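Coordinate inspection notes
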Amino acid sequence: MNRVPDSELVGIPAGTLITATAEEGRTLALTIARHTIHNIQPDLDALVAGRKVYSPHPDSLIAASQVVAIEFATIAAANDYWRS
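This is a predicted model, so every value here is computed, not measured.

This paragraph deals with the packing of aromatic side chains. Within this structure, the stated rule accounts for one aromatic pair. Plain terms: the ring middles of F72 and W82 are 5.8 Å apart, the flat faces sit at 20° to each other, and that makes the pair stacked. Linking F72 in helix α3 (residues 58-78) with W82 in the segment after α3, this pair joins segments that are ten residues apart in sequence. The exposure class assigned to W82 is partly exposed, which follows from its relative accessible area of 21%.

The subject of this paragraph is the pattern of salt bridges. Counted according to the given criterion, the structure contains two salt bridges. Residue R3 is joined to D6 by a salt bridge in which the shortest nitrogen-to-oxygen separation is 3.7 Å. In this structure R3 comes out as partly exposed when scored by relative accessible area, which is 40%. Note on D6: relative accessible area 57%, which makes it exposed.

Further remarks concern the environment of A69. By the secondary structure assignment, A69 is in helix α3. Exposure remark for A69: the relative accessible area of 44% places this residue in the partly exposed category. In this structure the C-alpha to C-alpha distance between A69 and A33, which are 36 residues apart in sequence, comes to 9.5 Å.

Moving on, we come to the packing of helix α1 (residues 22-40) against α3. For the pair α1 and α3, interaxial distance at closest approach is 8 Å and the crossing angle is 130°. One way to sum up the angle between α1 and α3 is to call them oblique. Seen along the crossing, α1 lies across α3 with a hand that is right-handed. Here A22, G25, R26, L28, A29, L30, I32, A33 and T36 of α1 come into contact with α3, specifically with V67, V68, E71, F72 and I75.

What follows covers the side chain of H38. Among the structural elements, H38 can be located in helix α1. Every residue in contact with H38, bar those within four places of it in the chain, is listed here: V4, E8, L9 and L47.

For the rest of this paragraph, the subject is the nonpolar core. Among soluble globular proteins, nonpolar side chains are generally buried collectively. Ranked by size, the top nonpolar core spans six residues in total: L28, A29, I32, A33, V68 and I75. For this core, the secondary structure elements donating two or more residues are α1 and α3. Among the elements that line this core, the one with the most residues is α1, at four residues. The contact partners of V68, leaving out residues within four places of it in the chain, are R26, A29, L30 and A33.

About the cut-offs
- Each chain has its residues counted from 1, following the order in which its sequence is written.
- For a predicted model such as this one, the threshold for reporting local features is a pLDDT of at least 70, and the threshold for listing and counting side-chain atom pairs is 80 or more; totals across whole chains, interfaces and linings nevertheless cover every residue.
- To get the side-chain values, all heavy atoms of the structure are used, and hydrogens and water are removed first.
- Here a pair means two rings of Phe, Tyr or Trp (six-membered ring of Trp) with centres within 6.5 Å. Their orientation is stacked below 30 degrees between planes, edge-to-face above 60, and tilted elsewhere.
- In DSSP terms, a helix is any run of H or I states spanning at least four residues, a strand is any run of E spanning at least two, and both are numbered starting from the N terminus.
- Type-normalised accessible area, obtained with a 1.4 Å probe on protein chains alone, sets the label of each residue: buried when under 20%, exposed when over 50%, and partly exposed for intermediate values.
- By salt bridge we mean one thing: a side-chain nitrogen of Lys or Arg within 4 Å of a carboxyl oxygen of Asp or Glu.
- Every axis corresponds to a line fitted to the C-alpha atoms, with the helix fit spanning only the stretch in contact, and the corresponding angles, defined between N-to-C directions, vary from 0 to 180 degrees.
- Angle categories are assigned with fixed cut-offs, so that under 35 degrees is roughly parallel, over 145 is roughly antiparallel, 65 to 115 is roughly perpendicular, and the rest are oblique.
- Crossings are assigned a handedness: left-handed for a near helix turned anticlockwise from the far helix by less than a right angle, right-handed for a clockwise turn.
- Contacts between residues were defined by any pair of non-hydrogen atoms, one from each residue, lying within 4.5 Å.
- In plain words, nonpolar cores are sets of buried Ala, Val, Leu, Ile, Met, Phe, Trp, Tyr and Cys residues tied together by side-chain atoms within 4.5 Å.

Structure follows, in structure tokens:
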């Protein structure tokens, strides 16, 4: 099996949801969403094959963005919405 590297199979990179800025929080949300997919499907060949199926469909891309939005909402709450 052409496997995702172990470095991509972590749940929370660096072990924390705390970020200095909202921009860092958004980047973390994207990273967590990507790592979640890698944990669910660690076979790179299956991941690449699946992209051909879902990438041309707006509904699939919207669903993926909703996952990132949920991760970002969680990170924002953990950071107390970057209150000064």
